[in-house]
Amino acid sequence: MRSRSAVLAVVVAAAWLVAPPAATAQAADCGPMDVALVLDTTASMDAALDDLKAGIGGVTSAIETASGGDYRIGLITFDNEVQVRSAFVPGNKAAIDTVVPTLSGPTGTNLPEASDEAVHTAVRTLGVRPHQSGGFTAGWRSQATKAVVLVTDALPGGFDDLHGPADLASAQAAGQAAFDRGIRIHAVHPPNPADDPVAVGAVMAGYAGSTGGISVTGTEIADLITGVVTTCRRTDAFVRDAVADVGAEPGAVASQSPDISLCPGQVWCAPAAEVTADPGTGVFVHVRMSNAGGGTSVGVLKLYRSLFHGNGQWPLQWSQIGAVPVSVPAGGKTVVLPWASVVADQSFLVRWVSGSDPMAFAEGSGISFNVRSNNNVAWRRIVVNPEPG
């Protein structure tokens, strides 16, 4: 039995590093969907799994409907090890409906379980490794609504069947990796009195809160999964490609975003084709973001530079020089990133990576195509001159 102080430590730590504000959940057409079901199949989960087995057809039908038929479902199970049952396969409702009713797990009652490692497998699309059978390597689609649905009643324990600070750190890292990739983690928790339900609930809330997902508790697992996975928080944050740009996709302009500016300080300055900067001091890259959606858009704003301009292949000839988690409210906001400036004629690219605001079109190697096709991507060419000495 864990002490009250140990439980409190888990509860406090489960706030994690990135906690975007909750958005109002609205049922909506989710568009293309990639959903990874990550299921605890140990003995304490028998009743929950029985409910899911009986209702899996309803879960997959809901995904099929919400996605307009454009979906892929992955299936990963875990106990003290991880088993990949199905990688992402287009339109695989029938296969998942067949596999889930056959799931069974160990009869023992040892706690905790390898939930953190299973989430790493899903988020990072890991291949076969020690303590993991099967590879989950199909990859997440950039233009899809991306979700991991984690179902467990146990604390994370890695592969050694013990829970400690390292396992909580592993769970936090999995959540951060999901956030960085625009993947929401929905946490479904059937309470188990044998494994500190308060502490487990805190960890599950941490997964959801740090990725913009939903955390729910209950025993009607099929209904809970259906509810969280089809509640799509669609937003529309964007960076303009031209002054008249209102976020329409695709657009016609690619290289002169009025929302990207290099300034000597943290106060916005008018964009210019040429700027002067002291390479030893650096400058600040300002990015103005608009949000035409109905709620706060949560994601990561990533900044890149290249000397190859429109001919630079994506992503090989672009270097990332900054990234920051951002919550963009309705209307928009300006994001400021410091940069140790380099004197050159170069292009700057910003990418908005968000689970609630996915790319409209899959990104390819052509940077002009990516910018014109997605309002999440913007580009500006700027000559950086040395400061007069």
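Note that this is a predicted model, so its numbers are computed, not measured.

Enquirer: Summarise the packing of helix α4 (residues 115-124) against helix α5 (residues 165-180); cite the residues concerned and give the values.
Expert: How two helices sit against one another is set out by the angle between their axes and by the gap between those axes. One can describe the packing of α4 onto α5 by two numbers: an axis separation of 9 Å at closest approach and a directional angle of 20 degrees. For the element pair α4 / α5, the angle class is roughly parallel. You can see that α4 and α5 cross each other, and the crossing is left-handed. Residues Asp116, Val119, His120, Val123 and Arg124 of α4 form the contact with α5, whose participating residues are Asp167, Ser170, Ala171, Ala173, Ala174, Ala177 and Ala178.

Enquirer: Explain the packing of helix α2 (residues 46-66) against helix α7 (residues 221-229) to me, using residue names and the numbers behind them.
Expert: Their axes nearest at 7 Å, the elements α2 and α7 cross at an angle of 30 degrees. The crossing of α2 and α7 is right-handed. Counted together, Ala48, Asp51, Leu52, Gly55, Gly58, Val59, Ala62 and Ile63 of α2 and Ile221, Ala222, Ile225, Thr226 and Val229 of α7 form the full contact between these two elements. Of the residues contributing to the contact of α2 with α7, the split by class is nine nonpolar, three polar and one charged.

Enquirer: Got a sec to walk through the sheet that holds strand β7 (residues 215-217)? Specific residues and values, please.
Expert: Strands sit in the order β4-β3-β2-β1-β5-β6-β7 across an open sheet of seven strands; the sheet is mixed. Each having just a single partner strand, β4 (132-133) and β7 make up the two edges of the open sheet. As defined by bridge partners, strand β1 (residues 33-40) adjoins strand β2 (residues 71-78) across eight bridges and the pair is classed as parallel. Residue pairing across strands places Asp40 opposite Phe78, the latter belonging to β2. Of the strands in this sheet, β1, β2, β3 (82-86), β4, β5 (145-151) and β6 (183-189) touch α4, which is tilted by about 155 degrees from β2.

Criteria and cut-off values
Starting from 1, residues in each chain are numbered consecutively following that chain's sequence as written. Only residues with pLDDT of at least 70 are given local features in this predicted model, and only at 80 or more are side-chain atom pairs given and counted; all residues enter the totals for whole chains, interfaces and linings. Values reported for side chains reflect all heavy atoms of the structure, with hydrogen atoms and water molecules removed beforehand. Structural elements are reduced to axes, namely lines fitted to C-alpha atoms, with helices fitted over the stretch in contact, and the angle between N-to-C directions of any two is expressed from 0 to 180 degrees. The way it works is that DSSP assigns letters per residue, a run of H or I at least four long becomes a helix, a run of E at least two long becomes a strand, and they are numbered from the N terminus. Convention used here: angles under 35 degrees read as roughly parallel, angles over 145 as roughly antiparallel, angles from 65 to 115 as roughly perpendicular, and any remaining angle as oblique. In this scheme, a crossing is called left-handed if the near helix is turned counterclockwise away from the far one by less than a right angle; it is called right-handed if the turn is clockwise. The contact rule is simple, with two residues in contact once any of their heavy atoms fall within 4.5 Å. For this scheme, ten residues count as nonpolar: Ala, Val, Leu, Ile, Met, Phe, Trp, Tyr, Cys and Pro. Four count as charged, namely Asp, Glu, Lys and Arg, and the remainder, Gly too, count as polar. Two strands pair under a simple rule: DSSP has to find at least two bridges between them.

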